[in-house]
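# Examining the three-dimensional arrangement
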Amino acid sequence: MKVLVVGSGAREHALVWKLAVSDGNLDIYCAPGNAGTGLPAQNVEMPISSESQCEQLAGWAFDNGIGLAIVGPEVPLSFGMADSLMMLGVPVLGPTQAAARIETSKAWARDFMRRRNIPSPDYSVEVGLEAIIAKLRDPATKYPLVMKADGLAGGKGAGIVQDALEGAETIAQMQASGALPAEDAAKKIVFESYLQGVEVSALAFTDGERTAMMPPVCDYKRLLEGDQGPMTGGMGAYTPTRFVTPDLWRQVEEEVIRRTVQGLAGEGITYRGVLYAGLMLTEEGPKVLEFNCRFGDPETQVLMPLLQTPLEEIGLAIAAGDLSRVGEISWSDKAAVGVVLASSSYPLTDAAPTAIQGLDDLEAGALVFHAATKSNAVTAIQPQQGSPKRSLFSSIFSRSAHPLAVSDHLDFAVKAVGGRILTVVGCAPTLAEARAAAYRTVDRIKIEGAQSRGDIAEREL
């Protein structure tokens, strides 16, 4: 069977790796992929940053007999890529555009949670710069306060502010990063009451009716140790955590995951794929900080090494609307710790390409998932895309007729070409051993100027 993984980050590399170690006879493709995915899979050089590009990739999947597509990032889902694949009869692990709204609009998600009695913080929504500033200056506004841009922001659309001045600075940062649209009428901020507690990521497979929880994961969103510095897409993660008991996890499944899936169904939206609830474990119980409509990053990098049920079987069951076909999903009882290596300028700007050394000198069992990497040694299928107005049902593509020419002067080194470069994962019987293995591997990898947090999973020990 041919399987397509959509995306180019460490999350997608972890998904590709999980498929590659399956006993199934799989031909794996990744679009657009990176230097890491290009080894166990065949990269497909097709971008996914616009609706038309995602439609073209869906057409490529149909033309090339893809038996299962797994969509990693939220952006293609927001463009309706799962809808296009389903229209073409390609089984897909990922929700429809309507279902993905639970991530693509934080304001809509908050209103939905209120309607469906899903535990979450108090909130309000303000539209337009004048109303947003008025909210910050209102004497009735209680600080600290959480501010979130309504739409997708790549981890750069949220901030915790202590007063109106910090709020104004956060707005400026959101505008600079593109998290807030330029048009005033499109500027929408969700203001939420600040919650104290421990953050935990709750991910679950669902076919629109049945749910299957993944192990609880703790991730680190701040750039610097001690949860200091700017918000990022994630600097590390680990599982398991002592903060979650089996009873608490059953409560989360019942009061958050199932209530969400059933609530969406009650509003005419069938959610099939991975549902991810970012939780705060408070004294009043777990509350939802946000929903994501896909696998988490970096959570996926520590979850996939523990998944024992074949991922492709889970994906096909979800696409068919019957998760019971795979029975109870099995997980290893090992621990996993992931540490992200990022460029020196992350999350503000991308750095110039930098050589990565040490990838050929790792200890046995070390897992390194690539994100912003590139290598001339990795070739990719280069479809003939033709007109961007081509019909979704007539996208005929072919492999490039010009293979990579090998030259004595060609640089085959793996290079870092962006923000989050690698996720290094250690797996072991205990969290302490997994953490030690991850950091030993981090020490072996040399990237000039790279940064990482040294406190991933430290609080558990």
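This structure is a prediction, so every number in the text was calculated from the model and none was measured.

The rules behind the values
Residues numbered from 1 in each chain as written. Predicted model: local features only at pLDDT ≥ 70, side-chain atom pairs only at ≥ 80, totals over all residues. Heavy atoms only, no water. Helix = DSSP H or I, 4+ residues; strand = E, 2+ residues; numbered from the N terminus. Rg over C-alpha atoms; globule rule 2.2 N^0.38 Å. Buried < 20%, exposed > 50% of the residue type's maximum accessible area, 1.4 Å probe, protein only. Contact = heavy atoms within 4.5 Å. Areas by Shrake-Rupley, 256 points an atom, 1.4 Å probe, with all protein chains shown as cover. Lys, Arg positive; Asp, Glu negative; His and termini not counted. Charge placed at Lys NZ, Arg CZ, Asp CG, Glu CD. Core = buried A, V, L, I, M, F, W, Y, C linked by side-chain atoms within 4.5 Å. Polar contact = N/O pair within 3.5 Å; in protein donor to acceptor, adjacent residues only side chain to side chain. Pairing = 2+ DSSP bridges. Axes fitted to C-alpha atoms, helices over the stretch in contact; angles between N-to-C directions. Disulfide = S-S within 2.5 Å. Phe/Tyr/Trp six-rings, centres within 6.5 Å; stacked < 30°, edge-to-face > 60°. pLDDT = per-residue confidence, 0-100. Parallel < 35°, antiparallel > 145°, perpendicular 65-115°, else oblique. Nonpolar A, V, L, I, M, F, W, Y, C, P; charged D, E, K, R; others polar.

## Some thoughts on the overall build of the chain
For the chain, the helix and strand inventory stands at 12 helices and 25 strands. The globule rule puts the C-alpha radius of gyration for 461 residues at 23 Å, and the 22 Å found for the chain is close to it. Counting only C-alpha atoms and orienting by the principal axes, one finds that the chain spans roughly 70 × 50 × 45 Å. For the chain, buried positions account for 54% of its 461 residues. Here the contacts in the chain between residues at least 6 apart in sequence split such that 72% fall between residues at least 24 apart. Counting every atom, the chain has about 19500 Å² of accessible surface; 48% of that belongs to carbon and sulfur. A gap of 2 Å separates the mean positions of the 40 positive and 55 negative side-chain charges of the chain.

## Brief notes about the nonpolar core
In a soluble, globular protein the nonpolar side chains are often hidden away together inside. Counting residues in hydrophobic clusters, the biggest one holds 78 residues, and the most contacted among them are Leu4, Leu57, Trp60, Leu85, Ile102, Phe291 and Val337. Here the element with the most residues in this core is helix H9 (residues 246-266); it accounts for seven residues. Not counting chain neighbours up to four residues away, the residues in contact with Leu57 comprise Leu4, Val6, Ala31, Met46, Ile48 and Met81. Of all hydrophobic cores here, the second largest spans 41 residues; its members include Leu19, Phe205, Met214 and Leu303.

## Quick look at the side chain of Thr239
One can find Thr239 in strand E15 (residues 236-239). Within the local environment of Thr239, its side chain forms a polar contact with the backbone oxygen of Pro216, the two atoms lying 2.6 Å apart. If near-sequence neighbours (up to four positions away) are discounted, Thr239 is found in contact with Pro215, Pro216, Val217, Val302, Leu306, Ala335, Ala336 and Leu431.

## Considerations on the sheet that holds strand E9 (residues 188-193)
Here we have four strands laid out as an open sheet, ordered E6-E9-E7-E8, and antiparallel in their pairing. Every other strand in the sheet has two partners, leaving strand E6 (123-127) and strand E8 (158-161) as the edge strands with one partner each. Here the strands of the sheet are splayed against their neighbours by 25 degrees on average, with no regard to which way each runs. By the bridge criterion, four bridges tie strand E7 (residues 145-149) to E8 in an arrangement that is antiparallel. Of the residues in E8, the one forming a bridge with Lys148 is Ala158. Where helix H6 (residues 106-115) meets the sheet, its contacts fall on E6, E7 and E9, and the angle it forms with E9 comes to roughly 45 degrees.

## Brief notes about the state of the cysteines
Evaluation of the coordinates by the stated rule reveals zero disulfides. The thiol of Cys54 is not disulfide-bonded; the next cysteine sulfur, from Cys293, is found 12 Å away. Cysteine Cys427 remains unbridged, with the sulfur of Cys218 as its closest cysteine sulfur at 16 Å.

## A short note on the packing of aromatic side chains
Applying the stated criterion across every chain, the model contains five aromatic pairs. Measuring from centroid to centroid gives 5.5 Å for Tyr29 and Trp60, while their planes differ by 70 degrees, and the two rings are edge-to-face. Here Tyr29, found in strand E2 (residues 27-32), pairs with Trp60, found in helix H2 (residues 51-63); they are 31 residues apart in sequence, far enough to count as distant. Side by side, Tyr29 and Trp60 carry an identical accessibility label, which is buried. Ring geometry for Trp108 against Phe112: centres 5.6 Å apart, planes inclined by 5 degrees, an arrangement best described as stacked.

## With respect to the sheet that holds strand E25 (residues 446-447)
Spatial ordering of the open sheet is given by E21-E23-E19-E25, a layout of four strands whose pairing is antiparallel. Each of the sheet's edge strands pairs with one partner strand only, and the pair in question is strand E21 (373-374) and E25. In the sheet, strand E19 (residues 354-357) pairs with strand E23 (residues 415-416) via two bridges, with the strands oriented antiparallel. Each bridged residue has a counterpart across the sheet, and for Ala355 the counterpart in E23 is Lys415.

## Examining the confidence of the model for the chain
Here the chain averages 92 in pLDDT, and 94% of its residues register 70 or above. Contacts of residues 385-410 to residues separated by more than four positions or lying in other chains number 50 contacts, the stretch itself having pLDDT below 50.

## Things to note about the packing of helix H5 (residues 97-104) against H6
Relative to each other, H5 and H6 sit at 95 degrees, their axes nearing to 6 Å. Classified by the interaxial angle, the pair formed by H5 and H6 is roughly perpendicular. On H6, the residues that touch Arg101, Ile102, Glu103 and Thr104 of H5 are Lys106, Trp108, Ala109 and Phe112. Partitioning the contact of H5 with H6 into residue classes produces four nonpolar, one polar and three charged.

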